[in-house]
Amino acid sequence: MQEFTYVRQAARVVFGAGTLARLREEVERLGCSRAVVLTTARQAGLVARARELLGPLAAGEFTRAVAHTPTDVTASALDLVRELGADCVVAIGGGSTTGLSKALAVRTGLPQIIVPTTYAGSEVTPVLGETDNGVKTTQSSPEILPETVVYDVDLTLGLPVPISVTSGVNAMAHAIEALYAPQANPVTDELALRSIALMSAALPGIAADPTDREARADALQAAWLAGTCLGAVGMGLHHRLCHILGGSFGLPHAATHTVVLPHVMAYNAGAAPDAMRRIAGALGAADAPAAVYDLVSALHGPVSLGELGLREENLARVVELAVGASYPNPREITADGVAALLRDAWEGRGPA
Ligand code: NAD
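Note that this is a predicted model, so its numbers are computed, not measured.

### Re helix α3 (residues 71–84)
- End to end, α3 covers 20 Å across 14 residues, agreeing with the expected 20 Å (1.5 Å per residue, within 8%).
- Among all positions of α3, only Val73, Thr74, Ala77 and Val81 are buried. Take α3 and look down its axis: the buried residues cluster within an arc of 95 degrees, on one side only. Pointing more than 90 degrees away from the buried face of α3 are the exposed residues Asp72, Ala75, Ser76, Asp79, Arg82 and Glu83.

Printed below as a string of structure tokens:
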């Protein structure tokens with residue numbers, strides 16, 4: 001018998017195509033009237049659209065969200081929020097924009113409406129990762145969790161295929177590690193399996209036609225389900241390694257997940273045979289780690305940490321950091337084991 005504790009995360013989720021049009025209604029629903037809109041410089045074009053939709057409820061915008069939520073960027077955004085007298089945050093973008101929104105919410109208590117445009121899943125987790133002087137720390141609290149998520153499939157149609165692939169595998173990583181987490185429960189298990197099946201089928205469709213609305217809808221739904229798992233149970237070796245590689249060595253978030261995932265799956269396979277069998281079933285394959293590696297290769301995604309810019313001489317330091325921390329993982333973390341899997345991931349070999 002499986003024993004578990006499950007805590008439901010109470011976010012309101014609006015899902016569809018063209019749902020950005022409901023932005024004003026969602027701001028009003030929160031009882032707010034002065035929204036500050038956040039995004040990245042690359043997506044700054046979305047601000048005019050948001051302003052038009054929000055009308056008099058648009059108080060201003062901040063278009064300088066960047067990866068890993070640096071505290072100096074948050075400080076600038078916070079000054080603007082105070083200057084504008086904003087009473088809610090509207091974030092339109094990927095995990096980087098969502099991270100800035102969460103950083104503002106945790107400092108001000110302002111409610112958040114998140115409009116995700118990648119598959120990172122951060123919008124449904126109570127977790128915030130921030131960097132201060134190059135050191136990344138993570139905190140979790142109920143105030144970090146956004147009040148409302150508006151998924152608009154149309155905003156993802158222009159997400160470039162390479163980012164769609166890496167971001168999609170980032171989502172798969174949340175679902176896969178949820179299946180062997182100590183807090184795994186029937187709710188997260190079903191969400192995770194559905195997410196893996198949807199995402200693995202959607203990505204080839206998106207690569208073939210990035211404007212395929214059905215494939216995009218499946219991927220976005222898979223991202224939501226996977227993010228829900230990430231917010232509900234603890235993550236293992238895979239997330240720990242990616243946190244180290246991103247936080248301490250500056251590697252790109254989603255691409256790093258994409259390279260590392262099949263190797264950690266292979267490392268854990270013998271210690272989590274039931275989870276791995278179910279993951280293989282969701283992927284429609286005999287061997288789960290090989291199937292993830294093959295999917296990434298077929299979609300021309302990254303397979304090597306060397307290719308992502310990790311220097312060979314840094315491998316030993318990554319092992320040291322991974323072994324020196326405590327976190328749940330089905331297989332014991334050994335320096336030799338982690339070194340071997342990192343070596344394979346660095347060289348771009350298939351999972352052992
Ligand atoms: P990102 O938000 O940095 O986006 C990558 C790039 O794609 C950016 O330049 C962005 O402007 C652009 N982009 C996003 N959507 C687009 C679209 N639809 N069309 C065109 N361009 C688009 O990348 P990400 O992988 O979504 O997020 C990574 C960040 O999120 C990291 O800082 C990571 O730590 C964090 N994260 C946090 C959690 C959590 O639960 N706290 C979960 C996952 C990721």
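### Structural notes on the site of the ligand
- Around the ligand, a shell composed of 30 residues is seen, among which Gly94, Gly95, Ser96, Thr118 and Ser122 lie nearest.
- Put simply, the parts of the chain that give the shell around the ligand at least two residues each are α4 (95–108), β6 (127–132), α5 (161–179) and α9 (253–269).
- If one sorts the elements of the shell around the ligand by residue count, α4 sits on top with four residues.
- Counted by class, the shell around the ligand contains nine nonpolar, 20 polar and one charged residues.
- Both domains that meet at the shell around the ligand, namely domain 1 (12–156) and domain 2 (161–347), each give it at least three residues.

### A word on unusual backbone geometry
- A positive phi angle, close to 65 degrees, is found at His68, a residue other than glycine.
- Mapped onto the elements of the fold, His68 is located in the loop between β3 (58–62) and α3.
- A positive phi is found at His300, a non-glycine position, where the angle reads about 60 degrees.
- Within the secondary structure, His300 is located in the loop between α11 (288–298) and α12 (315–323).
- Since 11 C-beta atoms lie within 10 Å of it, His300 is described here as exposed.

### Some remarks on the domain arrangement of the protein chain
- Parsing the protein chain into structural domains produces domain 1 (12–156) and domain 2 (161–347).
- Facing the 21 residues of domain 1 at the interface are 23 residues of domain 2.
- Residue assignment for the side of domain 1 that touches domain 2 shows that the elements contributing at least two residues are β1 (12–16) and β6.

### As for the environment of Val73
- You can see Val73 is positioned in helix α3.
- Residue classification places Val73 among the buried positions, given that 20 C-beta atoms sit within 10 Å.
- As for Val73 and Thr40, which are separated by 33 residues in sequence, their C-alpha atoms are 11 Å apart.
- Aside from chain neighbours lying at most four places away, what touches Val73 is Arg64, Val66 and Leu100.

About the thresholds
Residues numbered from 1 in each chain as written. Predicted model: local features only at pLDDT ≥ 70, side-chain atom pairs only at ≥ 80, totals over all residues. Helix = DSSP H or I, 4+ residues; strand = E, 2+ residues; numbered from the N terminus. Expected span 1.5 Å × (residues − 1). Buried ≥ 20, exposed ≤ 12 C-beta atoms within 10 Å, placed from the backbone. Arc of directions from axis to C-beta. Near = placed C-beta within 6 Å. Nonpolar A, V, L, I, M, F, W, Y, C, P; charged D, E, K, R; others polar. Domains from an automatic or database assignment. Contact = placed C-beta atoms within 7 Å.

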